[in-house]
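Notes for the structure review
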Amino acid sequence: IQFQNVSFTYPDTGIVALENISFEILPGQKMAIVGRTGSGKTTIADLLVRMYDVNEGKILIDGKDIRAYDLANLRQRMGYVPQDVFLFSDTVFGNIAFGKNGLDQEAAEHFAQSASVHDEIVGLPEGYETMVGERGVTLSGGQKQRACIARALVNEPALVLADEPTGNLDSKTGREILELFVKLHKSQKRTTFVIATHDEEIAKMAQRTISIIDGEV
C-alpha cells in the first residue's frame, strides 16, 4: 500500500486533514500510526476504506489506484475495527456474523477464538445466543472490543485496520488487546494498521511507525 503525496480536505467543513502524506507498507507488515487527537490519523483509515477519496495525490494497492477497484470487493478484503466500537442489539452470534452471509456457528466460534473471546462468550447466560443489548451494554469494554475484532476477521481480510483499539479500555485490558493484535499478525501475516494517540506500546509492536502532526508525517 502506497500513499503518494496525498492531501485531503473534508468537503463538509473545509478542515484540512492531510497535507502531502507519503508512506509505504509492504504486504504482511504491521504499521503503527500515532499522533494526537485531530492530527489526521483516522482520515488515513477513512481514505483506505473509501469513505472519502483523496483531493490530491494517489493511494495505490498492489500498484493500482484504489479508485480503480470495485468498492464492495475492496471493502470485503479489509477488516475494520472502528474507534467507536459498535455492536447491534442482536445476539453475540449475530454481531460476529454481521457482513458474512451464511456464516455458521462453527466458523463464528473459530473467529471468536482467534479474537480471544470464545471462552467469555461461552460463559454468558445463553452463550452465542445471548442478546447483547443496544451498543453492547451487556458486555465489558474488552469483550465488546474482542467481539468487534472477531467480526472484522470473518471475511479473512488481507488488510486489518484498527482505529484506537485501546482508547476506551483500562491499561490491563488495553495491553491484552495489543498483544492480541500481535498474535493475530504473527499467525496470519495480514497487513495491519493500528492507529493510536502516542502509544509507545503500539510503536514497539509494529515493524514501522509513522507519526502524524497537524496532517503531515
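A short tour of the structure in this document, coming up.

Rules used in this analysis
- Residues numbered from 1 in each chain as written.
- Predicted model: local features only at pLDDT ≥ 70, side-chain atom pairs only at ≥ 80, totals over all residues.
- Heavy atoms only, no water.
- Helix = DSSP H or I, 4+ residues; strand = E, 2+ residues; numbered from the N terminus.
- Rg over C-alpha atoms; globule rule 2.2 N^0.38 Å.
- Buried < 20%, exposed > 50% of the residue type's maximum accessible area, 1.4 Å probe, protein only.
- Contact = heavy atoms within 4.5 Å.
- Areas by Shrake-Rupley, 256 points an atom, 1.4 Å probe, with all protein chains shown as cover.
- Lys, Arg positive; Asp, Glu negative; His and termini not counted.
- Charge placed at Lys NZ, Arg CZ, Asp CG, Glu CD.
- Phe/Tyr/Trp six-rings, centres within 6.5 Å; stacked < 30°, edge-to-face > 60°.
- Lys NZ or Arg CZ within 6 Å of the ring centre and 35° of its normal.
- Salt bridge = Lys/Arg side-chain N within 4 Å of Asp/Glu carboxyl O.
- Polar contact = N/O pair within 3.5 Å; in protein donor to acceptor, adjacent residues only side chain to side chain.

Summing up its helical and strand segments, the protein has eight helices and nine strands in all. Radius of gyration (C-alpha) of the protein: 17 Å, near the 17 Å computed for a compact globule of 217 residues. Seen through its C-alpha atoms, the protein measures out along the principal axes to roughly 50 × 35 × 35 Å. Burial status across the protein gives 51% buried among its 217 residues. Taking as baseline every contact in the protein between residues at least 6 positions apart, the subset at least 24 positions apart corresponds to 71%. Taken as a whole, the protein presents about 10,600 Å² of accessible surface, with 48% of it coming from carbon and sulfur. Separation between the mean location of the 22 positive side-chain charges and that of the 30 negative ones in the protein comes to 5 Å.

By convention here, two paired aromatic rings are described through the distance between centres and the angle between planes. Using the criterion set out here, one finds seven aromatic pairs in the structure. Geometrically, the ring pair formed by Phe-8 and Tyr-52 is tilted, given 5.2 Å between the ring centres and 55° between the ring planes. Of this pair, Phe-8 sits in strand β1 (residues 2–9) while Tyr-52 sits in the loop between α1 (41–48) and β4 (56–61), placing them 44 residues apart in sequence. For Phe-8, a relative accessible area of 2% puts it in the buried group. A ring pair is formed by Phe-88 and Phe-98, whose centres lie 4.7 Å apart and whose planes are at 45°; its orientation type is tilted. Of the two residues, Phe-88 is situated in the loop between β6 (78–81) and α3 (92–97) and Phe-98 in the loop between α3 and α4 (105–114); the sequence distance between them amounts to 10 residues. For Phe-88, a relative accessible area of 30% gives the class partly exposed. Here a set of aromatic residues connected by ring pairs shows up, and it is made of Phe-3, Phe-23 and Phe-193. One Lys or Arg, Lys-64, reaches over the ring of Tyr-69 and ends 4.5 Å from the middle of that ring.

In this section: the pattern of salt bridges. Side chains that differ in charge, positive against negative, can pair when their charged atoms come close. Taken as a whole, this structure holds four salt bridges when the rule is applied. With its nearest N and O atoms 3.9 Å apart, the salt bridge here joins Lys-41 to Glu-164. In this pair, Lys-41 sits in helix α1 while Glu-164 sits in the loop between β7 (159–163) and α7 (171–188), placing the two residues 123 residues apart along the sequence. Both residues of the pair, Lys-41 and Glu-164, belong to the buried class. Measuring nitrogen to oxygen at the nearest pair gives 3.0 Å for the salt bridge that ties Arg-67 to Asp-65. You can call Arg-67 partly exposed: its relative accessible area is 38%.

Moving on: the environment of Thr-130. Mapped onto the secondary structure, Thr-130 falls in the loop between α5 (118–122) and α6 (141–153). Sequence separation between Thr-130 and Thr-91 is 39 residues, and the spatial gap between their C-alpha atoms is 5.2 Å. Not counting residues up to four positions away in its chain, the partners in contact with Thr-130 are Asp-90, Thr-91, Val-92, Leu-124 and Pro-125. Among the polar contacts made by the side chain of Thr-130, one reaches the main-chain amide nitrogen of Glu-126 at a distance of 3.0 Å.

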